[in-house]
Amino acid sequence: TASQELFSLCALAGVGKSSLVHLLCHNQVLGNPSWTVGCSVDVRIHDYKEGTPEEKTYYIELWDVGGSVGSATSVKSTRAVFYNLLNGIILVHDLTNKKSSQNLYRWSLEALNRDVAPTGVLVTNGDYDREQFGDNQIPLLVIGTKLDQIPETKRNEVLTRTAFLAEDFNAEEINLDCTNPRYLAAGSSNAVKLSRFFDKVIEKRYFLRDGNQVCHFS
Amino acid sequence: MQVLSASSFLQVLFFGFGWLFFMRKLFKDYEVRQYVVQVIFSVTFAFSCTMFELIIFEILGVLNSSSRYFHWKLNLCVILLILVFMVPFYIGYFVVSNIRLLHRQKLLFACVVWLTFMYFFWKLGDPFPILSPKHGILSIEQLISRVGVIGVTLMALLSGFGAVNCPYTYMSYFLRNVTDADILALERRLLQTMDMIVSKKKRIAVAHRTMFQRGEVHNRPTGFWGMIKSVTTSVPGSENLSLIQQEVDALEELSRQLFLETADLHATKERIEYSKTFQGKYFNFLGYFFSIYCVWKIFMATINIVFDRVGKTDPVTRGIEITVNYLGIQFDVKFWSQHISFILVGIIIVTSIRGLLITLTKFFYAISSSKSSNVIVLLLAQIMGMYFVSSVLLIRMSMPPEYRTIITEVLGELQFNFYHRWFDVIFLVSALSSILFLYLAHKQAPEKHMAL
């Protein structure tokens, strides 16, 4: 049997999660993105500790949970079904739309509070609480999409803002354009960050718990 | 003069309300990049509300008659200008900006779109007997009559659907029985389907990887020779792959349906719990009233159409007549008639504004995306403007004759009777088709769960 990690991608609708997932899993650009209903999954094969003698290959399942943070409670309850076996969270936001990054706080609360019933009372009202993210065990990654649509003059301002955002979440950040595979070309800093993130997740899942290696893909 | 400034103050107030509504409710998930959209929306809202304000002024007798008339005319001209020239032009402009090809000549194509709109808008007047022929080509009456037709159609559609949907959602009689076990079973099925999808995708990923590593990446065969080669040397793995891919597509479709059903079940369960609360019981009770009201309205609409009659007296005058003549209660007719019509018309105005804004918001959330948000908001502004103009047209019927005159004067010689008939027809059609639609949807749902 092969091992697997479950990720969840959280973001507003229209941000570009489907294109991102397609790029991450197939190294190709998604030709005809359409509206995501419900949840869609895709699988990426990842080489853990690539280039070292301990290299092993793992499956990574990317679960794209769509919709909006302001959805009806019924949709939230349905989404909660998918949060059960999370090993990592990728938060996706649209660089051209400030409000989508503000929503990320609510998304992470929704995903991390999966033990609380969706209709239960959340202590915070979506406001950011640093302590909650400080001792959070689940690795987070923040990805900003539609980088190509930001004019050069505004780029610095936008990138500073997203750097603060990633720091809030205690996470790495990647900014890219999902219609262009060169952002994740092998050897680029983005690809390295991505690799490191997936490695971290695999470690948390398999190694740090009991120190023994569990089965791997052969 | 201080009343003049009072009315402009009110207008600014309405504008501010529209602005806030836009920012807080409609665009709360999007960034406003084109402020002109927000301005247009707020301006349309402000001028539409001013029309209602002028009706109230009419009833209360604020300002003197000629200045009221002047205000009416001015307001009407501005609103028509917005609805017929500005908003359609901007809709065309934003639609064109979204299409990459026509990016260069935005203005030109926007004008082309606007001219097409004007052509169809004009043609709209032909099949309807809405004007007496003595009016010129470019008069207010021409524009208003057409705007009225569109607006009345919208009003009747929304009204018909609302009249049927309201009791359906309020009454708990129609709630399907949903238990926790049902929801768990459906969720389990959903997760199982997702697991199957994952395992199939794993196989595909592995196969792709092996092919890639062996250097056998097959893209589309290029050229004539490539096609011949692909016929003779087919890789055995690739046929299996396309089969698995088809299975994955089918499973994904299934998972989408299961997701929607699960969300539906959760929503029904919430509604069942809500119906057990005090508020829920109150709404359930209201639902029975509304269903009677709805049946009565459908009945009246049928009678109006069959017997070709339009109500001659408004509810206020008729109510007063009944109390005076049959119940023998004497009171100062003029005084009470003014106050009662003020209250009645006020209620009608407020509920229709609120109802429309809520419906528009729901609509906007359902269909907008970050690309099309500008266009959709402008469309909603257009609908809102036309809706309010036609409600002024129809509200005329609910007012006693002494207050009706100014609307008749301002709007010119429209065939008001036609609009009421048209409203009845569309209302009937809309209500009956909503009943049919809800009946079918209701019938279909339990059978789906039986099959589990």
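In this text the structure is predicted, and so the values were computed from the model without any measurement.

## As for helix H4 (residues 106-123) of chain B
All names here are of chain B.
So, step 1. Between its first and last C-alpha, H4 extends 26 Å over 18 residues, near the 26 Å set by a 1.5 Å rise per residue.
So, step 2. Within the span of H4, buried status applies to Ala110, Trp114, Met118 and Phe121. Here the buried residues of H4 occupy an arc of 80° about the axis, which is enough to place them on one side. Of the exposed residues in H4, the ones pointing more than 90 degrees away from its buried face are Leu115 and Phe120.
So, step 3. Buried residues along H4 sit in contact with helix H3 (65-98), helix H5 (140-170) and helix H12 (373-395).

## What to know about the interface of chain A and chain B
So, step 1. Contact with chain A, which involves 32 residues of that partner, is made by 29 residues of chain B.
So, step 2. Summing both sides of the interface, chain A and chain B together bury roughly 2,700 Å²; the carbon and sulfur share of this comes to 62%.
So, step 3. The partner of Lys201 of chain B in a salt bridge is Asp42 of chain A, and the shortest N-O contact between them spans 3.8 Å.
So, step 4. The tally of links between chain A and chain B comes to one residue pair in polar contact (both at pLDDT 80 or more).
So, step 5. Looking at the side of chain A that touches chain B, the elements that each hand over two or more residues are strand S2 (39-48), strand S3 (56-65), helix H2 (73-80) and helix H3 (98-112) of chain A.
So, step 6. Considering each element in turn, the side of chain A that touches chain B owes the most residues, seven residues, to S2 of chain A.

## Let's talk about the packing of aromatic side chains
So, step 1. In this structure the tally under the stated criterion is 19 aromatic pairs over all chains.
So, step 2. Aromatic side chains Phe197 of chain A and Phe198 of chain A sit 5.8 Å apart centroid to centroid with 45° between the ring planes, which places their arrangement in the tilted category. Taken individually, Phe197 of chain A and Phe198 of chain A each receive the classification buried, so the pair is uniform in this respect.
So, step 3. Centroid distance Tyr93 of chain B to Phe94 of chain B: 5.6 Å. Interplanar angle 75°. Geometry classified as edge-to-face.
So, step 4. Connected via pairs of aromatic rings, a cluster forms that spans Phe89, Tyr90, Tyr93 and Phe94 of chain B.
So, step 5. The ring centre of Trp122 of chain B lies 4.5 Å from the NZ or CZ of Arg146 of chain B, which sits over that ring.

## Re the confidence of the model for chain B
So, step 1. Summary statistics for chain B give a mean pLDDT of 78 and a share of 85% for residues scoring 70 or more.
So, step 2. For this predicted complex, the interface confidence reaches an ipTM of 0.77, while the overall pTM sits at 0.71.

## Brief notes about the packing of helix H2 (residues 35-60) of chain B against H3 of chain B
Residue and element names in this part refer to chain B.
So, step 1. At their nearest, the axes of H2 and H3 sit 10 Å apart, and the two run at 155° to each other. Accordingly, the angle class assigned to the pair H2 and H3 is roughly antiparallel. When the axes of H2 and H3 are compared, the crossing they make is left-handed.
So, step 2. Each residue belonging to the contact of H2 with H3 can be placed in one class, and the counts come to 19 nonpolar, five polar and two charged.

Thresholds applied
- Within every chain, residues take consecutive numbers counted from 1 along the sequence as written.
- Throughout, the order in which chains and ligands are written sets their labels, letters from A for the former and numbers from 1 for the latter.
- Only residues with pLDDT of at least 70 get local features here, since the model is predicted, and only at 80 or more are side-chain atom pairs given and counted; chain-wide, interface and lining totals rely on the full set of residues.
- With hydrogens and water excluded, all non-hydrogen atoms of the structure serve as input to the side-chain values.
- Helical segments are the DSSP runs of H or I of at least four residues, strand segments are the runs of E of at least two, and each set is numbered from the N terminus.
- Expected helix span is computed as 1.5 Å times (number of residues minus one).
- Only protein chains enter the accessibility calculation, which uses a 1.4 Å probe; a residue whose area is less than 20% of its type maximum is buried, one above 50% is exposed, and one in between is partly exposed.
- Directions drawn from the helix axis to the C-beta atoms are what define this arc.
- Residues count as neighbours in contact if any of their non-hydrogen atoms are within 4.5 Å of one another.
- When two parts are brought into contact, each loses some accessible area as probed by a 1.4 Å sphere; the total of that loss over both is the buried area.
- Each salt bridge in this description consists of a side-chain nitrogen of Lys or Arg and a carboxyl oxygen of Asp or Glu lying within 4 Å of one another.
- Here a polar contact is taken to be a pair of N or O atoms separated by no more than 3.5 Å, where protein atoms must pair a possible hydrogen donor with a possible acceptor and residues adjacent in sequence count only if both atoms sit in side chains.
- Aromatic rings from Phe, Tyr and Trp, with only the six-membered ring used for Trp, were paired whenever their centres fell within 6.5 Å, and each pair was classed as stacked if the ring planes differed by under 30 degrees, edge-to-face if by over 60, and tilted otherwise.
- Here, over-ring charges are defined by two tests on the NZ atom of lysine or the CZ atom of arginine: distance to the ring centre within 6 Å, and angle to the ring normal within 35 degrees.
- pLDDT is defined as a per-residue confidence score from the predictor, taking values between 0 and 100.
- Helix axes use the C-alpha atoms of the stretch in contact, all axes being lines fitted to C-alpha atoms, and the angles between their N-to-C directions lie in the range 0 to 180 degrees.
- Geometric relationships in this document are graded by angle, where less than 35 degrees denotes roughly parallel, more than 145 denotes roughly antiparallel, 65 to 115 denotes roughly perpendicular, and other angles denote oblique.
- Crossing handedness is defined as follows: a turn of the near helix away from the far one that is anticlockwise and smaller than a right angle gives a left-handed crossing, while the clockwise case is right-handed.
- Residue classes follow a fixed rule: Ala, Val, Leu, Ile, Met, Phe, Trp, Tyr, Cys and Pro count as nonpolar, while Asp, Glu, Lys and Arg count as charged, and any other residue, Gly among them, counts as polar.

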